[in-house]
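# Notes for the structure review
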Amino acid sequence: QVQLVESGGGLVQAGGSLRLACAASGSTASIKIIGWYRQGPGKLRDLVARINSGGTTNYADSVKGRFSISRDNAKNMVYLQMNSLKIEDTAVYYCNAVVVGTAGLVSNYWGQGTQVTVSS
């Protein structure tokens, strides 16, 4: 079992910055991929950025060059630095962890989400 708690959301003007944080607890050593998804009003939940246990990162095209994901394994934390925010970045941001357990069983865990609102 893995528990994820997000923080750092809020209201920011377009062009501004925010840093989201996700604290992981539980069986964190089994986390293979951890990252951020977002769900805007009336939209599906989409990948924003993720990082695997080897440090390889993936970003959605819409955030490349503006967002940066990082992880602190010692603190079981993952961060999403968001710069040059746009109105279309407004969404609930969710932390996600992919865990591979015994016998190769893959499980997904989600945080409760944190609201990011970008105003004009």
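Read on for an overview of the structure. (Residues numbered from 1 in each chain as written. Predicted model: local features only at pLDDT ≥ 70, side-chain atom pairs only at ≥ 80, totals over all residues. Heavy atoms only, no water.)

### Remarks on the pattern of salt bridges
One side chain can pair with another of opposite charge once the charged atoms of both are near each other. Note the following rule: Salt bridge criterion: a side-chain nitrogen from Lys or Arg within 4 Å of a carboxyl oxygen from Asp or Glu. Strands here mean DSSP runs of E at least two residues long; helices mean DSSP runs of H or I at least four residues long; both are numbered from the N terminus.
Counting across every chain of the model gives three salt bridges. When the shortest N-O distance is used, the salt bridge between Arg38 and Asp89 registers 2.9 Å. One end of the pair, Arg38, is in strand β4 (residues 31–39); the other, Asp89, is in the loop between β8 (77–82) and β9 (91–100), and 51 residues separate them in sequence. A salt bridge links Arg66 to Asp89, with the shortest nitrogen-to-oxygen separation between them at 2.8 Å.

### Here's the deal with the state of the cysteines
The bond known as a disulfide is covalent and runs between the sulfur atoms of two cysteines. Our working rule: The term disulfide is used for any two cysteine sulfur atoms that are within 2.5 Å.
Going through the model one piece at a time under the given rule, you end up with one disulfide. Cys22 shares a disulfide with Cys95; S-S distance 2.1 Å. In this structure, the disulfide formed by Cys22 and Cys95 twists by about -85 degrees around the S-S bond and is classed as left-handed. Remark: Cys95 occurs in strand β9 and Cys22 occurs in strand β3 (residues 18–26); sequence separation between them is 73 residues.

### With respect to the nonpolar core
Applied cut-off: Only buried residues count toward a nonpolar core. Its members are Ala, Val, Leu, Ile, Met, Phe, Trp, Tyr and Cys residues joined through side-chain atoms within 4.5 Å. With a 1.4 Å probe rolled over the protein chains alone, any residue whose accessible area is under 20% of its type maximum counts as buried; one over 50% counts as exposed, and the rest are partly exposed. Should any heavy atoms of two residues lie within 4.5 Å, those residues are considered in contact.
Judged by nonpolar contacts, the single largest core of 29 residues is most densely connected at Leu4, Trp36, Leu80, Met82 and Tyr93. Contributions of two or more residues to this core are made by β1 (2–7), β3, β4, β5 (45–52), β7 (67–72), β8, β9 and β11 (114–119). Here this core takes five residues from β9, the largest share from any one element. Aside from chain neighbours lying at most four places away, what touches Tyr93 is Glu6, Leu20, Trp36, Tyr37, Arg38, Val48, Phe67, Leu80, Met82, Gly113, Thr114 and Val116.

### With respect to the sheet that holds β8
For clarity, the threshold we go by: The rule for pairing is simple: two strands pair if DSSP sees at least two bridges between them. Lines are fitted to the C-alpha atoms to define the axes, a helix being fitted only along its stretch in contact, and any angle between axes, read from their N-to-C directions, falls within 0 to 180 degrees.
If you trace the four strands from one edge of the open sheet to the other, you get β1-β3-β8-β7, paired in antiparallel fashion. The open sheet is flanked by β1 and β7, the only strands paired with a single partner. Sheet twist, expressed as the mean angle between neighbouring strand axes with direction ignored, is 15 degrees. Pairing analysis gives six bridges linking β3 to β8, with the strands arranged antiparallel. Within β8, the residue paired with Ala21 across the bridge is Tyr79.

Keep in mind these numbers describe shape, not what the thing actually does.
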